[in-house]
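# Notes for the structure review
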Amino acid sequence: MTWSNFLSQHQRTFIQMRTVLKVVDNSGAKEVKKGAVVRGVVVRAAMQRGRCDGSEVKFDDNAVVIIDKQGQPVGSRVFGPVPHELRKKKHVKILALAEHIA
């Protein structure tokens, strides 16, 4: 293994939780037309992430909540656990709709 291969393998970037992205909705939900490009915030990431208190959080899957231009969620329910770090980015409404806060 050469040094350049070693560096390229260890310099991968990952999408962090609380990141706002432009996404395409393929779920067919009533509020959003299928195939429409909308904004979404990442609420769960499968990659392990460290917290300020030294603990680490890792979810089983990746998940995004669709939001409008003001940052409010479009849907009325959020399934699965949601990390409490969303409070830092002013996504309190998502935390209120979540069934479990991790």
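The notes below deal with the structure included here. Computed from a prediction, not measured in an experiment: that's the story for all the values here. (Residues numbered from 1 in each chain as written. Predicted model: local features only at pLDDT ≥ 70, side-chain atom pairs only at ≥ 80, totals over all residues. Heavy atoms only, no water.)

You can see Val20 is positioned in strand β1 (residues 20-24). Judged by relative accessible area, which is 35%, Val20 ranks as partly exposed. Placed 45 residues apart in sequence, Val20 and Val65 show a C-alpha to C-alpha distance of 9.5 Å. Discounting chain neighbours no more than four positions away, the residues touching Val20 are Arg39, Gly40, Val41 and Ile67. (Helix = DSSP H or I, 4+ residues; strand = E, 2+ residues; numbered from the N terminus. Buried < 20%, exposed > 50% of the residue type's maximum accessible area, 1.4 Å probe, protein only. Contact = heavy atoms within 4.5 Å.)

Another aspect to go through is the pairing of strand β7 (residues 98-101). Relative to β7, strand β6 (residues 78-82) runs parallel, the two sharing 3 bridges. Paired with Val82 across the bridge in β7 is Ile101. In the classification by handedness, the crossover that spans β6, the intervening helix α2 (residues 92-97) and the parallel β7 is right-handed. (Pairing = 2+ DSSP bridges. Right-handed = clockwise from strand over helix to strand, strands pointing away.)

All right, on to the pattern of salt bridges then. A side chain with one charge can pair with a side chain of the opposite charge if their charged atoms come near. Summed over all chains, the structure comprises 1 salt bridge. Between Arg44 and Asp61 there is a salt bridge; the shortest N-O distance is 3.1 Å. Taken as a pair, Arg44 in strand β2 (residues 37-44) and Asp61 in the loop between β4 (56-57) and β5 (63-67) lie far apart in primary sequence, 17 residues in all. Given a relative accessible area of 9%, Arg44 falls into the buried group. (Salt bridge = Lys/Arg side-chain N within 4 Å of Asp/Glu carboxyl O.)

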